[in-house]
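Working through the structure, step by step
Chain by chain, the residues run as shown.
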Amino acid sequence: MVQGPRSKVHSITERSFSFPINRRRSPPPEPSTIMLRQGSRLLTRATTMTWHRLFSTDLPAANRVDFTFAEAWKKVIPNTEPPMTPSSFMKSRPATPSSIPSKLSVNFVLPYSSELSGKEVDMVIIPATTGQMGVLPGHVATIAELKPGVLSVHEGNDVTKYFVSGGFAFVHANSFADIVAVEAVPLDQIDPNLVQKGLTEFTQKLSTASTDEEKAEAQIGVDVHNALNAGLTG
């Protein structure tokens, strides 16, 4: 049976800090220290620049090289090869077609397994935090957070349902969808009796909880088991 992710309630305390002023001039830094500082600034700048790049759906087949970063690195540390950036390891997706394809390609992965890999389907319905979201070929590029609920994969007259505890869905403009879930179980493998038992237990815990942490954990259990029950009966 699926259990939702644990949650802890943290209290945040604001603190003020005072910094003493030292008017004595400190000695100049060593050349190696200057080099490390400059390299750190270049790495930070390169990381910031990646946010302005194209989406993965628009990347060309060849690996992208940040020539600006590479040249700047060589000026500071000429005898060391510049490190590879995350884009160097990205595998490009097919380009966005001029016409909407007939199928939606779905990748559905968990931390410990891959449920679907490049599976061509007619539609998927995901339990987004904003509501049930149907994804068809040609869907606009979207990122959606998942909540506990039923993920439906439609292939003609066949419908496969999974219960997911949470995660994210990335829908690309080229009719590819990546679904990443924390936990997922085929709906037909879930025992309804255990769901009812778990719902009763967490409801009792919620009524007797005395701390914010206990209340939060019990509420998550109630929400997940309610979603399980709705998926089984709906």
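All figures in this text were calculated on a predicted structure; none of them were measured in a lab.

Procedures and definitions
Residues numbered from 1 in each chain as written. Predicted model: local features only at pLDDT ≥ 70, side-chain atom pairs only at ≥ 80, totals over all residues. Heavy atoms only, no water. Helix = DSSP H or I, 4+ residues; strand = E, 2+ residues; numbered from the N terminus. Buried < 20%, exposed > 50% of the residue type's maximum accessible area, 1.4 Å probe, protein only. Contact = heavy atoms within 4.5 Å. Areas by Shrake-Rupley, 256 points an atom, 1.4 Å probe, with all protein chains shown as cover. Salt bridge = Lys/Arg side-chain N within 4 Å of Asp/Glu carboxyl O. Phe/Tyr/Trp six-rings, centres within 6.5 Å; stacked < 30°, edge-to-face > 60°. Expected span 1.5 Å × (residues − 1). Pairing = 2+ DSSP bridges. Core = buried A, V, L, I, M, F, W, Y, C linked by side-chain atoms within 4.5 Å. Polar contact = N/O pair within 3.5 Å; in protein donor to acceptor, adjacent residues only side chain to side chain.

**Examining the overall build of the protein**
The helix and strand inventory of the protein stands at 4 helices and 10 strands. Mapped from its N terminus to its C terminus, the protein presents α and β elements in the order α-α-β-β-β-β-β-β-β-β-β-β-α-α. Out of the 234 residues belonging to the protein, those deemed buried represent 30%. Counted over contacts in the protein with a minimum sequence separation of 6, partners at least 24 positions apart contribute 56%. By element, 55% of the accessible surface of the protein is carried by carbon and sulfur atoms, the whole surface being about 16100 Å².

**Some words on the pattern of salt bridges**
The full count for this structure, using the stated rule, is 2 salt bridges. One salt bridge connects Asp122 with Lys103, and the closest N-O pair in it is separated by 2.7 Å. Note that Asp122 is positioned in the loop between strand S2 (114-121) and strand S3 (123-128) and Lys103 in the loop between helix H2 (67-76) and strand S1 (104-109), a separation of 19 residues in sequence. What makes Asp122 partly exposed here is its relative accessible area of 26%. Lys119 is the partner of Glu155 in a salt bridge, and the nearest nitrogen-oxygen pair spans 3.4 Å. On the criterion of sequence distance, the pair formed by Glu155 in strand S6 (residues 149-155) and Lys119 in strand S2 is long-range, its members being 36 residues apart.

**Examining the packing of aromatic side chains**
All chains considered together, the criterion is met by 2 aromatic pairs. Note on Phe108 and Tyr162: the rings are 5.2 Å apart at their centroids and 75 degrees apart in plane angle, and the pair reads as edge-to-face. You can see Phe108 sitting in strand S1 and its partner Tyr162 sitting in strand S7 (residues 158-164), a full 54 residues away along the chain. With relative accessibility at 0%, the residue Phe108 sits in the buried group.

**Looking at helix H4 (residues 212-233)**
With 22 residues, H4 should reach 32 Å at 1.5 Å per residue; the first-to-last C-alpha distance of 31 Å fits that figure. If you check which residues of H4 are buried, you get Ala218, Gly221, Val222, Val224, His225, Ala227, Leu228 and Gly231. Where H4 is buried, its residues touch S6, S7 and helix H3 (192-208).

**Examining the pairing of S3**
As paired strands, S3 and S6 are joined by 3 bridges and run antiparallel to one another. Residue pairing across strands places Met123 opposite His154, the latter belonging to S6.

**Observations concerning the pairing of strand S4 (residues 131-135)**
As paired strands, S3 and S4 are joined by 5 bridges and run antiparallel to one another. Bridging from a neighbouring strand, Pro127 pairs with Gln132 of S4. Between the antiparallel neighbours S3 and S4 lie 2 residues.

**A word on the nonpolar core**
Here is a general trend for soluble globular proteins: nonpolar side chains tend to be buried in one another's company. Among the nonpolar cores identified, the biggest contains 23 residues, and Phe108, Val124, Ile126 and Ile179 are the most heavily contacted of them. Those residues in contact with Ile179 that lie beyond four places of it in its chain are Val106, Asn107, Phe108, Val109, Ile126, Leu146, Leu151, Phe168 and Ala169. In this structure, Val150, Val185, Leu187 and Leu228 belong to the second largest nonpolar core, which totals 9 residues.

**Quick word on the side chain of Asn107**
With respect to the element layout, Asn107 can be found in strand S1. Of note is the side chain of Asn107, whose polar atom sits 2.6 Å from the backbone nitrogen of Gly118.

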